[in-house]
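Here are the chains, one letter per residue:
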Amino acid sequence: MSRNIYFAACLLIITIIAGCVSQTKILIASYSAPREHKKVEMMISSGDNTDTGKYLTLSIDPDVGGVNSLSSNTGIATMLIDDIKERLTETNFISIHPIFDPEDNGLKISVASYQYLQTSNNIKANLRVNFILSRGVTEFFSKSYDASEVRFSKSGQGLPSKELIEGLMTKKCTTLFIRDISPTKILQLREFKSFPSKIAYVAEFAKVKNYEAGIKAMNEYNGNKDVAFHYNLAILYEALASDREDIKYLTEANQHYDLAMAGGGGNDKLIVKSKARFDNYYRLFSKIENQTFQNLGRQKELQEEYGTE
C-alpha cells in the first residue's frame with residue numbers, strides 16, 4: 001500500500017470515528033400524562049368550601065376482593081394497597097382520602113386470578129387484578145391488569161421467595177393502573193449540542209448533575225450566544241428544574257428554548273424534538289403543581305373532619 005493510500009485510509013477511519021462520537025446526553029426526570037385522561041376528568045370534585053377549588057381525592061376500600069380464595073399466608077392485598085399509595089404520593093396529583101368513602105371517588109380492588117407454582121428448580125406465577133372506580137352508585141372505570149413472573153435455577157438454589165414474586169407482580173399491576181389515572185414520573189433523554197470551546201467543560205458538569213455550575217459558567221460566557229448555546233442552556237435549566245422540582249427553573253428553560261427556536265432551531269430536528277418533550281413536561285409539571293395545591297385545601301377539610309392531623 002502506497003503512503004498516499006495509507007494516509008487516505010487513516011483519514012477515512014478518523015472521519016468515521018469522529019462521526020460516530022455522539023454529543024453529551026443526560027437523563028432527566030419528566031412526566032407522562034394519564035392514559036385515561038377523560039376518566040380523570042370525571043374524578044375532579046368541588047367541595048362545599050369553594051375556596052378549595054377543584055380537587056382530586058381517592059378513597060381506597062381496604063377490603064380487597066378475591067383474596068379469601070388465596071392461600072392464608074399471602075400478603076397480596078396489603079401489597080396492592082401499599083403500592084397504590086406509594087405511587088400516588090410520588091406526585092400527589094391525586095390525594096388519598098383518610099378513610100374509604102364510596103360517596104367520594106372510591107376504589108375497589110379485587111384479585112381476579114392468581115396462580116403460584118413452584119418445583120425444585122422453577123417458579124411460575126401470574127396475577128390478574130381488577131380496579132373499579134366509582135362515585136356513589138356510578139361506576140366510571142373498570143379495568144383488569146395482568147402480571148407474570150417466571151424463574152428457573154438449574155441447581156434449585158437462589159430462587160426468589162414467594163413474597164418477592166408476589167411483590168413484583170402487584171407492583172406491575174398497580175403501576176399500570178396508576179399510569180392510566182395519574183401523571184407518573186419517567187426518565188427522558190436530552191442531547192446537548194456542542195458547547196463553545198471555552199466552556200466545553202460544562203458537558204462534564206452536566207454528566208455529574210452539577211447543573212448550577214454549568215448554568216453559572218454559561219451565563220458568564222461572553223462569546224457568541226447562538227442557537228446551540230440557548231438550546232444547551234435550556235436543557236441545563238430543565239434538568240435543574242427536574243432535580244429541584246422548582247417551576248421557576250422551567251420558566252428559565254422555556255425562555256431559552258424559545259430563543260433557540262427563534263434563532264433557527266425550528267429547522268433542527270433534535271431541537272424541535274427536545275422542545276416538544278419539554279413543552280409536554282412544562283404543561284404537566286404546572287398542572288400537577290396546581291392540582292396538588294388545590295388538593296391541599298380538601299386535605300385540610302378532611303383532616304379536621306376525621307381528626308387525622
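No experiment lies behind these values; they were computed from the predicted model shown.

1. Thoughts on unusual backbone geometry
Next up, step 1: With phi around 60°, Asn92 is a residue other than glycine that occupies positive phi space.
Next up, step 2: As for its placement among the helices and strands, Asn92 is situated in the loop between α3 (76-88) and β5 (95-96).
Next up, step 3: Notably, Glu245 is not glycine yet its phi reads approximately 55°, a positive angle.
Next up, step 4: Structurally, Glu245 is set in the loop between α7 (227-244) and α8 (247-262).
Next up, step 5: Residue Glu245 is classed as partly exposed on the basis of its relative accessible area, which comes to 43%.

2. Description of the pattern of salt bridges
When charged atoms on two side chains of opposite charge get close, those side chains can pair.
Next up, step 1: Throughout the structure, instances matching the rule amount to 18 salt bridges.
Next up, step 2: For Lys143, the salt bridge identified is with Asp180, shortest N-O distance 2.9 Å. With Lys143 in strand β8 (residues 138-152) and Asp180 in helix α4 (residues 162-181), the pair connects residues that are 37 residues apart, well separated along the chain.
Next up, step 3: The exposure class of Lys143 is partly exposed, given its relative accessible area of 30%.
Next up, step 4: Residue Lys275 is joined to Asp279 by a salt bridge in which the shortest nitrogen-to-oxygen separation is 3.0 Å. Separated by 4 residues within a single helix, Lys275 and Asp279 lie in helix α9 (residues 269-306), roughly one turn from each other.
Next up, step 5: Of the residues examined, Asp279 reaches a relative accessible area of 32% and is grouped as partly exposed.
Next up, step 6: Within this structure, Glu36, Lys143 and Asp180 form a network of salt bridges that share partners.

3. Considerations on the pairing of strand β4 (residues 57-60)
The side chains of a regular strand alternate, residue by residue, between the two faces of the sheet.
Next up, step 1: Neither face of β4 is left uncovered, since the one carrying Thr57 and Ser59 and the one carrying Leu58 and Ile60 both have all their residues buried.
Next up, step 2: With 2 bridges connecting them, β4 and β5 associate as parallel partners. Directly across from Leu58, in β5, lies its bridge partner Ile96.
Next up, step 3: Where β4 meets strand β6 (residues 105-118), 2 bridges bridge the pair, whose relative direction is parallel. The residue of β6 that forms the bridge with Ile60 is Leu107.

Scoring rules and cut-offs
- Residues numbered from 1 in each chain as written.
- Predicted model: local features only at pLDDT ≥ 70, side-chain atom pairs only at ≥ 80, totals over all residues.
- Heavy atoms only, no water.
- Helix = DSSP H or I, 4+ residues; strand = E, 2+ residues; numbered from the N terminus.
- Buried < 20%, exposed > 50% of the residue type's maximum accessible area, 1.4 Å probe, protein only.
- Salt bridge = Lys/Arg side-chain N within 4 Å of Asp/Glu carboxyl O.
- Pairing = 2+ DSSP bridges.

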